[in-house]
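Single-letter residue listing:
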Amino acid sequence: MSTFFSEMVWLCLAVTAVLGGTVLFKYKKSPGQVGSLAACLAGLWGVACLLSWSLFWGLLFLSLSCFLVHTYFSGQALLPVDGKAVLVTGSDSGIGHALSKYLDTLGFTVFAGVLNEKGSGAEELRRTCSERLSVLQLDITNPEQIKAAYSKVVDKLQDRGLWAVVNNAGIIGFPADGELVPMTIYRQCMAVNFFGAVEVTKTFLPLLRRAKGRLVNISSMSGSVPLKKLAAYNSSKAALTMFSSVMRQELSKWEIKVSVIQPGGFRTGIAGTTDMWDKQEKNMLDHLSPEVWEDYGQDYILAQRNLLDYMHKCSRTDISPVLRDVHHAVRAKSPSAFYAPGSPASLMLCFVSLSPTSLFDYITENMFSSGNLKPRALSMPKLKNKAM
């Protein structure tokens, strides 16, 4: 019995090593969000074999593992580019700009939608990319510009369908307590991050249906994890995430795949420039009522802007993980429904969000606090309020 068990162990270890090595090798070539699950499957199979005394059950488990891994990687295979066309919104800068360049180098026909077709970002795309890339004036909050962009895409593609739409354009707004944020910022975040993406999707769906293509929406980790000071941004991204999930179900009958990218902790310029911060802060201050000034106090209110500096310092500059995941969503035979590229701290925050509410709130309270400041009404002694 001991000899049989020893042979069983060595057989299981050898097959596990081969299977695990194959999984890891293929995972590096075509990374998907659930690729690590296949690697874990191989490891679990090895452990199960070591604990098994039955050769029959060991081999049966091996066969099942091989089948599941083969099925998974068959779906992870990358489809040929073959001149496929992709529309990317928000290509002036950040993720959209880098993604347009990246897809162009891979051989895609790229339609780069920009907020300003005469801006530096648009000019750089024209200068550095191939003739396959077309820059489109596309303010996604402007229905007329969306229709004009659609017409230009149709003119260039003729009878070809559009393979993918990447709804990337977005804004973050001014980060502050939800009560302090003016309704104009709430409406602006919803207009760009949600309604704009919805209207672009609805307009271009006939072309996606013709190609049986892809809809890829760039949401955010904040669309699933509640973060202080970002009520307007979080709410708009949560709406986009839910819209994407519903569309994934509804569009499956047309063989259109829908994926959501939820980046976390990347520096993309979405917060805007210092001048924009000044204008947004002034807009916030102009809309505060005397009661709010009294309850929060000037020091606390003016400290809200510190979060922008904190986010800038903590953000990761290398956005290549986001580009890889979008590329996978656009090109994989069976893309994942959700991708979560991000820094270790952001991924840890996602994990902590599953913990008891009190623990999560305690952690975020310390991460996004305005130093030791508290609203005036909660501070002792009270600070003398200064009229603005």
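Our subject is the structure listed above.
Nothing here was measured: the structure is a model prediction, and the numbers come from that model. (Residues numbered from 1 in each chain as written. Predicted model: local features only at pLDDT ≥ 70, side-chain atom pairs only at ≥ 80, totals over all residues. Heavy atoms only, no water.)

Our next topic: the pattern of salt bridges. On inspection of all chains with the given rule, the structure shows 6 salt bridges. The salt bridge partner of D104 is R132, with a shortest N-O separation of 3.7 Å. In this pair, D104 sits in helix α4 (residues 94-105) while R132 sits in the loop between α5 (120-128) and β3 (134-137), placing the two residues 28 residues apart along the sequence. Looking at R132, the relative accessible area reads 33%, which means it is partly exposed. Two residues, E255 and K212, come together in a salt bridge whose shortest N-O distance is 3.4 Å. Here E255, found in the loop between α8 (231-250) and β6 (257-261), pairs with K212, found in the loop between α7 (183-211) and β5 (214-218); they are 43 residues apart in sequence, far enough to count as distant. According to the relative accessible area criterion, E255 is partly exposed, its value standing at 45%. Owing to a relative accessible area of 42%, K212 belongs among the partly exposed residues under this scheme. (Salt bridge = Lys/Arg side-chain N within 4 Å of Asp/Glu carboxyl O. Helix = DSSP H or I, 4+ residues; strand = E, 2+ residues; numbered from the N terminus. Buried < 20%, exposed > 50% of the residue type's maximum accessible area, 1.4 Å probe, protein only.)

Helix length check: α4, at 12 residues, gives a terminal C-alpha distance of 17 Å against a target of 16 Å (1.5 Å per residue), a fit within 8%. Listed in full, the buried residues belonging to α4 are I95, G96, H97, L99, S100, L103 and D104. Residues of α4 that are buried sit in contact with β1 (85-88), β2 (109-114), α5, β4 (164-167) and α13 (320-331). One or two steps after α4, the chain reaches G107, where phi turns positive at roughly 105°. (Expected span 1.5 Å × (residues − 1). Contact = heavy atoms within 4.5 Å.)

Turning next to the sheet that holds β4. Paired through backbone hydrogen bonds, the strands of a sheet run either parallel or antiparallel to each other. Read across the open sheet, the 7 strands follow the order β3-β2-β1-β4-β5-β6-β7; overall the sheet is parallel. Either end of the sheet is taken by a strand with one partner, and the two such strands are β3 and β7 (338-339). As paired elements, β4 and β5 share 4 bridges and run parallel to each other. If you follow A164 over to β5, its bridge partner there is R214. Strands β1, β4 and β5 of the sheet are contacted by α7, whose axis makes an angle of about 175° with β4. Running at roughly 155° to β5, α13 makes contact with β1, β4, β5, β6 and β7 of the sheet. (Pairing = 2+ DSSP bridges. Axes fitted to C-alpha atoms, helices over the stretch in contact; angles between N-to-C directions.)

Between the first and last C-alpha of α8 there are 29 Å, a value that for 20 residues agrees with the 28 Å anticipated at 1.5 Å per step. When we look at burial in α8, the residues that qualify are A232, Y233, N234, S236, K237, L240, T241, F243, S244, S245 and M247. Looking at the buried positions of α8, the neighbouring elements they touch are α7, β5, β6 and β7.

So, about the packing of α7 against α8. One way to put it is that α7 packs onto α8 with a least axis distance of 7 Å and a crossing angle of 20°. The angle between the axes of α7 and α8 places the two elements in the roughly parallel class. Viewed along their axes, α7 and α8 form a crossing whose handedness is right-handed. Judged by residue contacts, I185, Y186, C189, M190, N193, F194, A197, V198, T201 and L205 of α7 engage A231, A232, Y233, S235, S236, K237, A239, L240, F243 and M247 from α8. Among the residues making up the contact of α7 with α8, the classes are represented as 15 nonpolar, 4 polar and 1 charged. (Parallel < 35°, antiparallel > 145°, perpendicular 65-115°, else oblique. Left-handed = near helix turned anticlockwise from the far one by under 90°. Nonpolar A, V, L, I, M, F, W, Y, C, P; charged D, E, K, R; others polar.)

Structurally, the position occupied by S222 is in the loop between β5 and α8. Here N234 takes part through its side chain, which lies 3.5 Å from a polar atom of the side chain of S222. Once you skip the residues sitting within four places of it in the chain, S222 turns out to touch L227, L230, Y233 and N234. (Polar contact = N/O pair within 3.5 Å; in protein donor to acceptor, adjacent residues only side chain to side chain.)

Position of S100 relative to the elements: it lies in helix α4. Between the C-alpha atom of S100 and that of T89, which follows or precedes it by 11 residues, the distance is 9.2 Å. The contacts of S100, once residues within four sequence positions are left out, are V88, S91, V110, A112, L125 and L133.

With that out of the way, let us pick up the packing of α4 against α13. It is the contact of α4 with α13, at a shortest axis distance of 10 Å, that shows an interaxial angle of 55°. The angle between the axes of α4 and α13 places the two elements in the oblique class. The chirality of how α4 crosses α13 is right-handed. On the side of α4, the interface is formed by I95, A98, L99 and Y102, while α13 contributes V322, L323, V326 and H327.

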